Amino acid sequence: MALPKLAVHKFASCDGCQLSLLDLEEELLAVAGVVQIANFMEASREVLPPPYDVTLVEGSVTTPHDRRRIMQIRDETTVLITIGACATAGGIQALRNWRDVDDFNNYVYAHPEFIDALQESTPISDYVKVDFELRGCPISKYQLLEVLVAFLQGRRPNIPTYSVCVECKTKGNPCVMVSHGTPCLGPITQAGCGALCPSYDRGCYGCFGPMESANAASLAGHFEWMGLSNREIVNSLRGFNAWAEAFRKESDRREALIEIGGAR
Amino acid sequence: MRETLVIDQEGVDALIHTLTDRGYEVVGPTVRGQTILYDTITSTDDLPVGITDRQEAGTYRLETRDDGALFGYVVGPQSFRRYLTPPGNVFWKGVLTDDGFETVELPEPPRLAFFGARPCEVAAMQVQDEVYSAVGDPVYLGRRGRSFTVAVNCSEPAPTCFCDSLGTGPGVSNGYDIAMTEVVDGESHYFIAEAGTDEGSEVLALLPSRDPLDEELVHARRMVVRAAERMGRHLDTDGLKEVLYGNIENPYWDEIAKRCLSCTNCTLVCPTCFCSTVEDHLSLDGSEAERARPWDSCFTLDFSYVNGGPVRPSPGPRYRQWLTHKLASWQDQFGSIGCVGCGRCITWCPVGIDITKEAAAIRERDVRRVVVGASSAKEGTE
Ligand code: SF4
Ligand code: SF4
Ligand code: SF4
Ligand code: SF4
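The residue numbers shown here count from 1 along each chain, following its written sequence. Chains and ligands are labelled sequentially in the order written, the chains with letters from A and the ligands with numbers from 1. Note on the predicted model: pLDDT of at least 70 is required for a residue's local features to be given, and 80 or more for side-chain atom pairs to be given and counted; whole-chain, interface and lining totals, by contrast, use all residues. Only hydrogens and water are set aside when side-chain values are computed; all heavy atoms of the structure are taken into account.

**Section: the domain arrangement of chain B**
Residue and element names in this part refer to chain B.
Link 1 in the chain: Each domain's extent is set by a domain assignment, obtained either automatically or from a database. Domain annotation for chain B reports domain 1 (4-91 + 100-229) and domain 2 (240-278 + 297-371).
Link 2 in the chain: Measuring from the centre of the C-alpha atoms in domain 1 to the corresponding centre in domain 2 gives 28 Å.
Link 3 in the chain: With 29 residues of domain 1 in contact, the opposing surface of domain 2 contributes 25 residues.
Link 4 in the chain: Carbon and sulfur atoms make up 64% of the surface buried where domain 1 meets domain 2, a total of about 2,200 Å² over both sides.
Link 5 in the chain: Within this document, salt bridges are pairs made up of a side-chain nitrogen of Lys or Arg and a carboxyl oxygen of Asp or Glu, the two lying within 4 Å of each other. Linking domain 1 with domain 2 are 1 salt bridge.
Link 6 in the chain: Between Glu121 and Arg344 there is a salt bridge, with the nearest N and O atoms lying 3.2 Å from each other. Any two residues whose heavy atoms approach within 4.5 Å are treated as being in contact. Accessible-area loss on putting two parts together, using a 1.4 Å probe and summing over both, is the definition of buried area adopted here.

**What about the domain arrangement of chain A?**
Residue and element names in this part refer to chain A.
Link 1 in the chain: Split by domain assignment, chain A resolves into domain 1 (5-153) and domain 2 (164-259).
Link 2 in the chain: For domain 1 versus domain 2, the separation of C-alpha centres amounts to 25 Å.
Link 3 in the chain: Summing both sides of the interface, domain 1 and domain 2 together bury roughly 1,400 Å²; the carbon and sulfur share of this comes to 60%.
Link 4 in the chain: Sorting the residues of domain 1 by area buried against domain 2 places Trp98, Arg135 and Cys137 first, and these three jointly supply 45% of that buried surface.
Link 5 in the chain: Our count for the domain 1 to domain 2 interface comes out at 0 salt bridges.
Link 6 in the chain: Two N or O atoms form a polar contact when they lie within 3.5 Å of each other; inside protein one atom must be a possible hydrogen donor and the other a possible acceptor, and for residues adjacent in sequence the pair counts only when both atoms belong to side chains. At the boundary of domain 1 and domain 2, one finds 4 residue pairs in polar contact (both at pLDDT 80 or more).

**Some details on the site of ligand 4**
Link 1 in the chain: Nearness is judged by heavy atoms alone; a residue qualifies as near a molecule or strand once a single heavy atom is within 4 Å of it. The local shell around ligand 4 holds 13 residues, among which B:Cys260, B:Leu261, B:Cys263, B:Cys266 and B:Cys349 are the closest.
Link 2 in the chain: In terms of residue class, the shell around ligand 4 is made up of 10 nonpolar, 3 polar and no charged. The nonpolar class holds Ala, Val, Leu, Ile, Met, Phe, Trp, Tyr, Cys and Pro. Asp, Glu, Lys and Arg form the charged class, and all remaining residues, Gly among them, are polar.

**Side note on the pattern of salt bridges**
Link 1 in the chain: For the structure shown, the criterion picks out 32 salt bridges over all chains.
Link 2 in the chain: In this structure, A:Glu250 and A:Arg254 form a salt bridge, with 3.0 Å as the shortest nitrogen-oxygen distance. Here the residue A:Glu250 and the residue A:Arg254 both occupy positions in helix H12 (residues 245-261), the gap between them amounting to 4 residues, near one helical turn.
Link 3 in the chain: Each residue is assigned to one of three classes by its accessible area relative to the maximum for its type, calculated with a 1.4 Å probe on protein chains only: buried under 20%, partly exposed between the two thresholds, exposed over 50%. For A:Glu250, a relative accessible area of 4% translates into the label buried.
Link 4 in the chain: Residue B:Glu108 is joined to B:Arg146 by a salt bridge in which the shortest nitrogen-to-oxygen separation is 3.3 Å. On the criterion of sequence distance, the pair formed by B:Glu108 in the loop between strand E7 (100-103) and strand E8 (112-117) and B:Arg146 in the loop between helix H4 (138-144) and strand E9 (148-152) is long-range, its members being 38 residues apart. Working definition: helices are DSSP H or I runs of at least four residues, strands are E runs of at least two. Numbering for both runs from the N terminus.

**Section: the packing of helix H9 (residues 252-259) of chain B against helix H13 (residues 355-364) of chain B**
Residues and elements named next belong to chain B.
Link 1 in the chain: Geometry is summarised by axes, namely lines fitted to C-alpha atoms with helices restricted to the contacting stretch, and by angles between N-to-C directions that run from 0 to 180 degrees. Close contact between H9 and H13 brings their axes to 10 Å; oriented N to C, the two are set at 150°. Put simply, H9 runs roughly antiparallel to H13. The handedness of the crossing between H9 and H13 comes out as right-handed. The segment H9 lies against H13, with Tyr252, Trp253, Ile256 and Arg259 engaging Glu358, Ala361 and Ile362.
Link 2 in the chain: When its residues are assigned to classes, the contact of H9 with H13 shows 5 nonpolar, no polar and 2 charged. Angular relationships are summarised with four words: roughly parallel below 35 degrees, roughly antiparallel beyond 145, roughly perpendicular across 65 to 115, and oblique for the angles in between. By definition, turning the near helix anticlockwise from the far helix through less than a right angle yields a left-handed crossing, and turning it clockwise yields a right-handed one.

**Here's the deal with the site of ligand 2**
All names here are of chain B.
Link 1 in the chain: In the vicinity of ligand 2 there are 13 residues, among which Cys270, Cys339, Cys342, Gly343 and Cys345 approach most closely.
Link 2 in the chain: Those elements that provide at least two residues to the shell around ligand 2 are helix H11 (315-334) and helix H12 (344-347).
Link 3 in the chain: Each residue belonging to the shell around ligand 2 can be placed in one class, and the counts come to 9 nonpolar, 2 polar and 2 charged.

**Section: the interface of chain A and chain B**
Link 1 in the chain: With 34 residues of chain A in contact, the opposing surface of chain B contributes 39 residues.
Link 2 in the chain: Roughly 2,900 Å² of surface becomes buried between chain A and chain B when both sides are summed, with 57% attributable to carbon and sulfur atoms.
Link 3 in the chain: Counting the contacts that link chain A with chain B gives 1 salt bridge.
Link 4 in the chain: A:Arg156 is the partner of B:Asp302 in a salt bridge, and the nearest nitrogen-oxygen pair spans 3.3 Å.

**Topic: H12(A)**
All names here are of chain A.
Link 1 in the chain: A helix is expected to span 1.5 Å for every residue after the first. The terminal C-alpha atoms of H12 lie 24 Å apart, and with 17 residues this matches the ideal 24 Å at 1.5 Å per residue to within 8%.
Link 2 in the chain: Looking only at H12, the buried set comprises Phe247, Glu250, Ser251, Arg254, Glu255 and Ile258. All buried residues of H12 fall inside an arc of 140° around its axis, so they share one side. Among the exposed residues of H12, those pointing more than 90 degrees away from its buried face are Glu245, Lys249, Glu259 and Ile260.
Link 3 in the chain: On the buried face of H12, the contacting elements are helix H10 (216-225) and helix H11 (230-237). Read the arc as the range of directions from the helix axis to the C-beta atoms.

So this is what it looks like as structure tokens:
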């Protein structure tokens, strides 16, 4: 029986997530034994023709060309898995969605007329059907392995959608919010990193995007009670997953309060 | 009556060493970061000596105290549940063979000595004994059956404590091998130690000790009585089960849901919570498999997932499930309230949601009463 064919594609992103695949090191050999890496520019120049069984997509859609390309990638694969905050939420580059992209182009490029960019940086799922979204900035290589193995074995991946707090408590971390009043996005952020930041006594930055039932309004209210200004709250919610709905809605609401009340 | 003796700090050290020598892994309170957690301890140097904790809903701070007390703090975010049903515990392992599979023998569980267990903590283990005995759980029972408990009575409850409302503290009445009361009184610093089991007596007899003076016993007892009078919080358990069962549809649950983050912290710090899920791990080539038991919580969506979706998709019913299970349906299920009044869920809720306040709020807004009284009916439906 022929091995399933794996393709990896990149959109607007930093490459960090697809490098997680190479980062698997030891496990990579095992992966290479069960799939055929058919199209992965970071790993090999050899490209096998479509169709593919599983395709990993990193990065967000930011240009009309991206938009056409993702449609084609979807057509060429059975399973499409998006990986990372860019592909699943628009990434850090989605911060531009709150500004005029032409202003940036004029400011940054000597010849802005050559730039054909969309107004917004958006997740892959805005354009095509996605079979599984793997969160994180960057993704966890262990979760990537789990998703790949699960798809190959035909089972549901063990990727929890609950909060980072579960990982914190499982690990036995003291809570940074309760024990020293450090703002932490963990309660509204999806697990997956192994509570990395709280394990080093820092608050969570929300790299894995909103958890399954993120109550950002309550947490933001608590941040305010802890002494954070609305500006600080907006900034904390506008990180790698700024455009994810639960974070976006609350940051917009808080920003509106700044506009009404004057910058605080 | 078993013997009651007086030991000093040297005696406490001897106790830790004796237990270690007898093959126990002694697990007790120790400072980690800015919190008191449980970890393996080898002497009183590992204890949070001269440290106290200041607790309130959603906040916890460590402070120093100048009396050199060994147990001058109450409970931290962890409980011994962490050792009895370790999160992610692998309870079955197997390898593929030519004609099927073979079960791999798992290592023996450690012999644990729970050191410095507060009365509420001892009570919590007794509550969990009921839960796990009912299903004959080998992981819990295997560890619990081999364990040793050194309890410490409370003289300074935290503002979040309410064991007195549930009869689980501040003094321990049973479920220990050795129970101690620490007395720091001016220059004198001693521990009244009492055995609760034969093994406890045996261990106690090995420690340097003396007989207590009558006034020492009276003093120690009075400290615990006074602690009961200084409880930070209170839970009215009178008819609570009926109140909660009668308020499943109370709109106030959705008020709590506006604040609740569904973050699971309350359930994961609770020493009586027992929910777990089961995960299978399979190696890439399918030759090795293991079955593990990560902690779960009624606040996650997967927890109530049945064919097609979660039974409790919105956070109001999830909070209601937690509180109603702890305080009401637990009684029907296991014959006692599922809460021991340790206050952990109050302190470690990031937004400070307080089980005692919310239970009182539901009682105040009792829909059964509101329906009868016309004037308050409006308030109830707002
Ligand atoms: S440190 Fe953050 S992620 Fe960890 S339990 Fe506290 S709030 Fe949750
Ligand atoms: S419900 Fe809260 S107070 Fe009661 S035992 Fe659990 S953590 Fe302690
Ligand atoms: S709840 Fe009671 S037994 Fe538990 S720590 Fe507080 S005072 Fe001690
Ligand atoms: S009550 Fe508090 S700790 Fe529990 S899930 Fe809600 S916010 Fe989290």
